[in-house]
Amino acid sequence: MSAVIPPPRTVGGLLLPTRMLTRVEDGEQLHALLWRAGAGWRMISSAVLGGGLGEREWVLNAQVAHGYRRTDPHRHLADLARAAGVSGPGVGVMTAADVRAYGRAHDAGVEAVVTAGIAVRGWAAVPAEETFAPDQPGTINIIVALPVPLTDAALVNAVATATEAKVQALLGAGYDCSGTPTDAVCVAARTPDAAQDAQAFAGPRSLWGARLARAVHAAVRSAVMTGTAGDPAPAQPRRPDTPRVPTPAGSKRCSRDA
């Protein structure tokens, strides 16, 4: 007999309910977002704790102080998770941004929660002499959950789709960049079972990939707008299809989808 996987947890109608945690560290009050996902989830993540692909039961997005200098962030996150009362396999990410200014969005069953601090931002591909070691931990953290199973390949595709949606949201908000040097992403999907086939596609024009893209796009935009409230507006806002990057001769611009 095959094991019965519980349905997605919902709290107040949310697929990805989060709890706000507060702690004092080195005299500074810091916050974290915790999602107790429970059993029945597979996650793919670039996180320093619990990264890779596998069964995961919780996600912790912890704020740390600016100028963070610890060289063992995975141990730090594990300690914070234990203090929060979670155990078993999970995912931990960090940010210097205030996680209280998070963005949340959903689209037809897909839900995304994003924290965003964009003080250290730029384009992914830059000349070698312009590379540097960032002085802050990752500042745009994307957590997205789907209520359906995905194949391994589709999970990888979902990470790419979420990243594309992030860049589109940044450009649409007027930020001429592809992100920060240390962004992190975590995609959670239900564990496959005999009752539901795993979805094989999660690109931006697949059913679930399109929903994921719209949810991430809206959550990133909300987080950026909330987190930068009161800051000077970015110069020369640009449409998502017109980034200020060199266009090779003969190439075509991507059209913006409605």
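A short tour of the structure in this document, coming up. (Residues numbered from 1 in each chain as written. Predicted model: local features only at pLDDT ≥ 70, side-chain atom pairs only at ≥ 80, totals over all residues. Heavy atoms only, no water.)

In total, this model carries one aromatic pair according to the counting rule given. Relative to Trp41, the ring of Trp35 lies with its centre 5.3 Å away and its plane at 75°, an arrangement referred to as edge-to-face. Classification of Trp41 by relative accessible area gives buried; the value is 1%. Between Arg190 and the ring centre of Trp41, over which it is positioned, the NZ or CZ distance is 4.6 Å. (Phe/Tyr/Trp six-rings, centres within 6.5 Å; stacked < 30°, edge-to-face > 60°. Buried < 20%, exposed > 50% of the residue type's maximum accessible area, 1.4 Å probe, protein only. Lys NZ or Arg CZ within 6 Å of the ring centre and 35° of its normal.)

Another aspect to go through is empty space enclosed by the protein. Counted under the stated rule, the structure contains two cavities of 30 Å³ or more. If you add up the space inside the largest cavity, you get close to 60 Å³. Lining the largest cavity we find Leu16, Thr18, Leu33, Leu34, Trp35, Val59, Asn61, Val113 and Ile143. Listed by contribution, the elements that provide at least two residues to the lining of the largest cavity are strand S2 (28-36) and strand S5 (58-63). Sorting elements by how many residues they give to the lining of the largest cavity places S2 first, with three residues. (1 Å grid on protein atoms, 1.4 Å probe; cavity = no way out; pocket = protein on both sides within 12 Å on 5 of 7 lines; lining within 4 Å. Points joined across faces, edges and corners; volume = space filled by probe spheres on them. Helix = DSSP H or I, 4+ residues; strand = E, 2+ residues; numbered from the N terminus.)

Over its 21 residues, helix H2 (residues 152-172) runs 30 Å from end to end, which matches the ideal 30 Å to within 8%, given 1.5 Å per residue. Those residues of H2 lying buried are Ala154, Leu155, Ala158, Thr161, Ala162, Ala165, Lys166, Val167, Ala169, Leu170 and Leu171. Turning to H2, the residues buried within the fold contact strand S3 (41-45), strand S4 (52-55), strand S9 (140-149), strand S10 (184-190) and helix H3 (207-227). Remark: Gly174 follows H2 within two positions and exhibits a positive phi of approximately 100°. (Expected span 1.5 Å × (residues − 1). Contact = heavy atoms within 4.5 Å.)

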